[in-house]
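Each chain, written out:
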Amino acid sequence: MRKRLLLWFACCAMAALQAADLRVDLARRRLSFGTTIENARFGLDVNGKTLWAGAAEARWTGGTGRRLELRFPEPAVEWTLEFTSGEDGSVTITGSVRNGDRQAVRLGRCRLVDTTGPDSWLRVGVPAEEAVAFIASGWQVASRVVRLSDLDQPRKSKTLVQIYNRRPSKALHLGFVRYDRISTVHELGWDRIRGVPTLNTYCDFEGYELPPGATVALEKLRLTEGCDPYAELENWASLVQREYDIKIWPKTPAGWVGWSWVDGFEVERYEDVVLRNARAVRDRLPGLDIEYVWVSIGNLEDRQPGNWLRWNYELFPRGPQRLLQELGRLNFKLGFWCAPFWMSSKLTSETEKFRDAFLLKEGKPLMVQHSLLGQMYVLDPTHPKTLGFLREVFDTYRKWGVRYFMIDFLNAVSGTTPGTHIPDGYYDRRLIPGPEAYRRGLQVIRKAAGDETYLLGSTGPTFLNAGLFPANRVGTDYGEGRPLSGPGKGFYPGTFVINRADYWTSHRAASEALAGNYFTHRKLYIADSGNVMTVDKPVPLADAQITATLFGINGSPVMLGDDIARMSQERLELIKQVFPRLPECARPLDLFEKPEPAWPEKFHLKVRRDWDEWDLVAVFNYRTTPLEDEIAFKRLGLDPEAGYVVWDFWNERYLGVHRGALRTSVPAHSVRLIRIARARDYPWLLSTDMHVRQGQAEIVNVEWLPAARRLLVEATRPQGYRGHVYLRAPKGWAVKNPLGLYLARDANEGCLIVRCDFDFSEGARLRRAIEFVTVPTQ
């Protein structure tokens, strides 16, 4: 239980702000928090020099919490920090910087919690060497857990950091709950002399010049201690959602993109590929909510970024309106790939027109090199020319009827998050470099594209897009193919890569993305940890099952990568098993137990319906040897003393009744998807093979009528589909009328496993009643 925080002032020789969890020493200008942070320093970088709070004139004043005012004589800067307690035992730190000087001052890092000093401490349990930290990348690269004592160099965690030690179970969370203007960083290190970790939490103005007499507000930092690191991450995301009043896209989108086995550039005409597959989706996957067709690059004249409104009539000879009409007849919406801040250097007239609207590096236009597309200029997201161009492009697309965009390569304009391309010159210096300048361009895109348009941010920041884009890619190009562009390009001589889980487009990146971003899903945005679902042969069956499991539990959008018109029926069934798309996202069970170089392997999803609730556990093994593991029921929130029936989804095997825990053995390069439900002393549903969630989407209701000894099962699937429902009847029960049922006695327990066929050829809903009788037990 957290201690409720009560702030009070101690009027003693050492004037201090004293609290159950927070202490600010006015005499030394130091902060301590809970049992973890001791004597942390405050510091503000001004004109290239750090002004430490200890050198300032300080005083306490009133406020909504309690305010500490720090005045520096040279330059004349006033730095205010305000501390506010929360009912949950947390403390928030806000504040501002005022320039009282006659000249502009250049601001750098505003250090709010700095334990790098010799008499500052970050106490993380004993032994400290076992403490780990969740490092948030803040962009599409995986956020991972690291062991602090393994840090040879400081590591930066963007916006939030979570430090955890299992002995004792203690989680220290520092997270900025407002962060849309200034870069927010937590820098972690390991002091090998003292044998302790170090932390430096700061807002980084990155050289922003504050005019004379002007005041700039800091971002809002929250500190809290707890015992559940997962709960702290989830709570942070909920608070951010509340701070920005983020509205979440109501549906979980699905569409077709192709490219895994088709090449619309070099082998077939792109328009033919698109229309063939659009028809195939409606013919072979009828009734599934697949809404979009995503066209990537091929719509652009000469396939060059910057030609956003110039059509490629070679690949799409009918033009944009005919394509939209054809897709509209099939009830699809058209989507585009777009890198709005890129402009190809090959577009000489356009680049000359925008010469003064490019971001600068050392006085020259910032350039980005792409292996397939060539060299790109980068448009300045604060320049009026750029903003006008973006309005024109997305307003035109909106009028055409384009309702889906993958907005790519945002790292070109996002600065130090992630830091791939860092300009030193931009137009509107009134905006703080980094988040504020970056979001200016995104705001224009959001407004011009329209609220009805789905925007998916990619290859750039994630947290910073919250409230502007409905969704963000939080992983790599999972499941994607590439055109046959020649040696050294894409995946040549193939269009797709198989047989290596740690390849950058394969499973491990997708499961790490799910583990490191699950807590943001449907709070900050839809966290797209999957991307493209490719399952057709020659993808091995076990790999296809891994893909279907990931999309079944991640709650994220799905774009189909297969050639639907030509794919095998067997693999087509795997696609059906992840539809309809369901919004909930699985939670990792071992995120804080698997620091680098390991990775999370177990995920848990609790499923609740009016008629029952159950737990799904997925165990992914990307190793070359079997993975032996144990699933403790207590970790799932289950009663360790109760009995639970267990079903192996992909092997379609009943695993018996278990108490306390379940031992699992997962073969190399495969997955186990386990359904765990409370054991009953009467017949009940065990599983289905119609959906990965095994009852959440396809089972409308299950009801046991004890007087009639009848089990009612009502299911729903698109008309024309077929599937099976599996029932378990405990020992001592038999089916009264076995006609049309498949009955198997389990040799271990003596219970009865019943397969019921559901044929939806006559309609989308089907109800079956199975009557049972009691029989003597042997």
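No experiment lies behind these values; they were computed from the predicted model shown.

Trainee: Whenever I open this one, the overall build of the chain confuses me. Can you help?
Mentor: Helix and strand content of the chain: 9 helices and 51 strands. Taking 28 Å as the expected radius of gyration for a compact globule of 778 residues, we find that the chain reaches 29 Å, a close match to that expectation. Expressed as a percentage of the 778 residues in the chain, the buried residues total 61%. A sequence separation of at least 24 residues applies to 70% of the contacts in the chain between residues at least 6 apart. In the form shown here, the chain has an accessible surface area of approximately 30100 Å², with 48% of it arising from carbon and sulfur atoms. Positive and negative side-chain charges in the chain, numbering 104 and 94 respectively, have mean positions lying 2 Å apart.

Trainee: Please explain the side chain of Ser-556 as it appears in this structure.
Mentor: Mapped onto the elements of the fold, Ser-556 is located in the loop between helix H8 (541-553) and strand E35 (558-560). Once residues lying within four places of it in the same chain are set aside, the contact partners of Ser-556 are Thr-252, His-521, Ala-527, Asp-528, Ser-529, Gly-530 and Arg-581.

Trainee: Hey, could you run me through the pairing of strand E24 (residues 333-338) in this one?
Mentor: Consecutive side chains of a regular strand alternate in pointing toward one face of the sheet and then the other. By the criterion of burial, E24 is predominantly enclosed, with 5 of the 6 residues buried. One ladder, built from 4 bridges, connects strand E23 (residues 292-295) with E24; its direction is parallel. Residue pairing for E24: Val-295 is matched across the bridge by Phe-336. Of the crossover connections in this fold, the one passing from E23 over helix H3 (residues 319-329) to the parallel E24 is right-handed. Across 4 bridges, E24 lies against strand E30 (residues 404-407) in parallel orientation. Along E30, the bridge assignment pairs Cys-338 with Ile-407.

Trainee: Just checking my understanding: could you explain the pattern of salt bridges for this structure?
Mentor: Counted by the stated rule, this structure contains 66 salt bridges. Taking the shortest distance from any N to any O, the salt bridge between Lys-537 and Glu-570 comes out at 3.1 Å. In this pair, Lys-537 is assigned in the loop between strand E34 (531-533) and H8 and Glu-570 in helix H9 (residues 569-576), connecting sequence segments 33 residues apart. Classification of Lys-537 as partly exposed rests on a relative accessible area of 44%. A relative accessible area of 43% means that Glu-570 is categorised as partly exposed. Across the salt bridge formed by Glu-714 and Arg-765, the nearest N and O atoms sit 3.0 Å from each other. Highlighted residues: Glu-714 in strand E46 (residues 710-716) and Arg-765 in strand E51 (residues 765-774), separated in sequence by 51 residues.

Trainee: Would you explain the nonpolar core in this entry?
Mentor: One finds Trp-79, Leu-112 and Phe-394 to be the most contacted residues of the largest nonpolar core, which totals 241 residues. The residues contacting Leu-112, other than those within four sequence positions of it, are Arg-41, Phe-42, Trp-79, Leu-81, Ile-93, Phe-176, Thr-201, Tyr-202, Cys-203, Leu-218 and Leu-221. Grouped together as the second largest cluster of nonpolar side chains are 14 residues, Leu-627, Leu-638, Leu-662 and Val-666 included.

Trainee: Mind showing me how you'd approach the sheet that holds strand E31 (residues 454-457) here?
Mentor: Sheets are built from strands paired through backbone hydrogen bonds, the pairs being either parallel or antiparallel. The strand order across the open sheet formed by 9 strands is E33-E32-E31-E30-E24-E23-E22-E35-E34, and the pairing between neighbours is parallel. Whereas interior strands pair on both sides, the edge strands pair on one side only; in this sheet they are strand E33 (526-528) and E34. Across the sheet, the axes of successive neighbouring strands diverge by a mean angle of 30°, strand direction being ignored.

Trainee: Can you help me understand the sheet that holds strand E47 (residues 722-729) in this one?
Mentor: In spatial order, the strands read E44-E47-E50-E49; together these 4 strands make up an open sheet with antiparallel pairing. The outermost strands of the open sheet, each flanked by one partner alone, are strand E44 (684-688) and strand E49 (742-745). Between one strand and the next, the sheet's axes are offset by a mean angle of 25°, whatever the strand orientation. In the sheet, E47 pairs with strand E50 (residues 752-759) via 8 bridges, with the strands oriented antiparallel. The partner of Tyr-726 across the bridge, within E50, is Arg-755.

Trainee: Would you mind going over the state of the cysteines with me for this structure?
Mentor: Here is the idea: a disulfide is a covalent bond, and it sits between the sulfur atoms of two cysteines. Under the criterion given, the structure shown has 0 disulfides. Unpaired in terms of disulfides, Cys-751 finds its nearest cysteine sulfur in Cys-756, a separation of 14 Å.

Trainee: What am I meant to see in the confidence of the model for the chain here?
Mentor: In this model, the chain carries a mean pLDDT of 94, and residues with pLDDT of at least 70 account for 97%. In this model residues 1-20 is a low-confidence stretch, pLDDT under 50, and it forms 56 contacts with partners more than four residues away in sequence or in other chains.

Trainee: What is the right way to read the environment of Arg-609 from this model?
Mentor: Relative to the helices and strands, Arg-609 resides in strand E37 (residues 602-609). Separated by 390 residues in the primary sequence, Arg-609 and Glu-219 place their C-alpha atoms 41 Å from one another. Other than its neighbours up to four places away in sequence, Arg-609 contacts Trp-614, Gly-695, Gln-696, Ile-699 and Val-700. Reaching out from Arg-609, the side chain makes a polar contact with the backbone oxygen of Gln-696 at a distance of 3.2 Å.

Trainee: What am I meant to see in helix H1 (residues 229-244) here?
Mentor: A turn of α-helix holds 3.6 residues, and therefore any two residues three or four places apart point the same way. Helix length check: H1, at 16 residues, gives a terminal C-alpha distance of 23 Å against a target of 22 Å (1.5 Å per residue), a fit within 8%. Of the surrounding elements, those touching the buried residues of H1 are strand E13 (132-135), strand E16 (160-166), strand E17 (169-178), strand E21 (220-226) and strand E36 (587-588). Between the side-chain oxygen at the start of H1 and the backbone nitrogen of Tyr-230 there is a gap of 3.0 Å, and the oxygen is on Asp-228. Just downstream of H1 lies Asp-245, where phi reads positive at about 50°.

Reading guide: rules and limits
Residues numbered from 1 in each chain as written. Predicted model: local features only at pLDDT ≥ 70, side-chain atom pairs only at ≥ 80, totals over all residues. Heavy atoms only, no water. Helix = DSSP H or I, 4+ residues; strand = E, 2+ residues; numbered from the N terminus. Rg over C-alpha atoms; globule rule 2.2 N^0.38 Å. Buried < 20%, exposed > 50% of the residue type's maximum accessible area, 1.4 Å probe, protein only. Contact = heavy atoms within 4.5 Å. Areas by Shrake-Rupley, 256 points an atom, 1.4 Å probe, with all protein chains shown as cover. Lys, Arg positive; Asp, Glu negative; His and termini not counted. Charge placed at Lys NZ, Arg CZ, Asp CG, Glu CD. Pairing = 2+ DSSP bridges. Right-handed = clockwise from strand over helix to strand, strands pointing away. Salt bridge = Lys/Arg side-chain N within 4 Å of Asp/Glu carboxyl O. Core = buried A, V, L, I, M, F, W, Y, C linked by side-chain atoms within 4.5 Å. Axes fitted to C-alpha atoms, helices over the stretch in contact; angles between N-to-C directions. Disulfide = S-S within 2.5 Å. pLDDT = per-residue confidence, 0-100. Polar contact = N/O pair within 3.5 Å; in protein donor to acceptor, adjacent residues only side chain to side chain. Expected span 1.5 Å × (residues − 1).

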